[in-house]
Amino acid sequence: MGDELPTKYKKGLARVSAIIEALYPFEGTEDEFRFHNWLKSKDIPVNEYMETASRAGTAIHLWIEEFIEGTYKWSEYPLYVQMGIDFLKEHNVIPIWTEVYIRTDKYQGTIDLICEIDWEIWIIDWKTYGIAQEILWTKWSKWKYKKPYQKLKKAT
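Summary of the structure given here.

Calculation notes
Residues numbered from 1 in each chain as written. Predicted model: local features only at pLDDT ≥ 70, side-chain atom pairs only at ≥ 80, totals over all residues. Heavy atoms only, no water. Pairing = 2+ DSSP bridges. Helix = DSSP H or I, 4+ residues; strand = E, 2+ residues; numbered from the N terminus. Buried < 20%, exposed > 50% of the residue type's maximum accessible area, 1.4 Å probe, protein only. Contact = heavy atoms within 4.5 Å. Expected span 1.5 Å × (residues − 1). Arc of directions from axis to C-beta. 1 Å grid on protein atoms, 1.4 Å probe; cavity = no way out; pocket = protein on both sides within 12 Å on 5 of 7 lines; lining within 4 Å. Points joined across faces, edges and corners; volume = space filled by probe spheres on them. Salt bridge = Lys/Arg side-chain N within 4 Å of Asp/Glu carboxyl O. Phe/Tyr/Trp six-rings, centres within 6.5 Å; stacked < 30°, edge-to-face > 60°.

A few words on the pairing of strand S2 (residues 94-103). Sheet topology places S2 next to strand S3 (residues 107-117); eight bridges connect them, and they run antiparallel. Looking at S3, one finds that Ile94 is bridged to Glu116. Hairpin connection of S2 to S3: three residues between the antiparallel strands.

Moving on to the environment of Thr52. Position of Thr52 relative to the elements: it lies in helix H3 (residues 46-69). A relative accessible area of 6% means that Thr52 is categorised as buried. Between the C-alpha atom of Thr52 and that of Ala132, which follows or precedes it by 80 residues, the distance is 5.7 Å. Dropping the residues within four chain positions of it, Thr52 is found in contact with Ala132, Ile135 and Leu136.

Now for helix H2 (residues 30-41). Residue pairs three or four apart in sequence face the same way in an α-helix, which turns once every 3.6 residues. Over its twelve residues, H2 runs 16 Å from end to end, which matches the ideal 16 Å to within 8%, given 1.5 Å per residue. Turning to H2, its buried residues are Glu32, Phe35, Trp38 and Leu39. Considered in projection along H2, the buried side chains sweep an arc of 125° and stay on one side of the axis. Within H2, the exposed residues directed more than 90 degrees away from the buried face are Glu30, Phe33, Lys40 and Ser41.

Another point: empty space enclosed by the protein. Enumeration over the complete set of coordinates arrives at one cavity of 30 Å³ or more. Secondary structure elements with two or more residues in the lining of the largest cavity: H3, S2 and S3. Of the residues forming the lining of the largest cavity, the biggest block, three residues, is contributed by H3.

Let us look at the pattern of salt bridges. Evaluation of the coordinates by the stated rule reveals two salt bridges. For Asp31, the salt bridge is made with Arg34, and the minimal N-O distance between the two is 2.5 Å. Here Asp31 pairs with Arg34, and both are found in helix H2, just three residues apart, close to one helical turn. Across the pair Asp125 and Lys127 runs a salt bridge, and its minimum N-O distance is 2.4 Å.

Here we take up the side chain of Gln133. Positionally, Gln133 belongs in helix H5 (residues 131-135). On the basis of relative accessible area, Gln133 is assigned to the buried category, the value being 14%. Among residues more than four places away in sequence, those in contact with Gln133 are Trp38, Tyr49, Thr138 and Lys139.

The subject of this paragraph is the pairing of S3. In terms of burial, S3 is a largely internal element, eight of the eleven residues being buried. With two bridges connecting them, strand S1 (residues 14-15) and S3 associate as parallel partners. In the strand pairing of S3, Ala14 is matched with Tyr107. When S3 meets strand S4 (residues 120-124), the two strands line up antiparallel, connected through five bridges. Bridge pairing in S4 links Cys115 to Trp122. Counting the residues that bridge the hairpin from S3 to S4 gives two residues, and of these Asp118 lies at a positive phi of roughly 50°.

The next thing to look at is the packing of aromatic side chains. This structure, assessed with the given rule, holds eight aromatic pairs. A centroid spacing of 5.8 Å and a plane angle of 90° characterise the contact between Trp63 and Trp74, whose relative ring orientation is edge-to-face. You can see Trp63 sitting in helix H3 and its partner Trp74 sitting in the loop between H3 and helix H4 (78-90), a full eleven residues away along the chain.

Pasting the structure below:
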């Protein structure tokens, strides 16, 4: 992970993800504080968690793309790839393009899949949010963040 840009990306031009970060800031918020404390309680460094999520997410995206292109053979995360494959099959997705780089004068990004579903053109963005939690064994109920309900009780 790091500040490296994908090959086609133009240096100095914001990524589409910056839109989300602007609308839903994480850095410096209570959510970031809780996330860092949650990782600390599991003895997992933030950079390890983020690198795990990034590496696995990139691999899963690639394997789904390989399935669409007919070259998929194997995955280290077969459950996640299978969820993508199941989605494609269940919705009779007709792929048009994968990994499409787009750029305006303000933003740049990559569309995971442009396809046709029921005679309509769709833009699909694969999400692998929970993968790091599963890889690092933090997704199970005993690891889950619990809200301080005693503070939320109404006075009678």
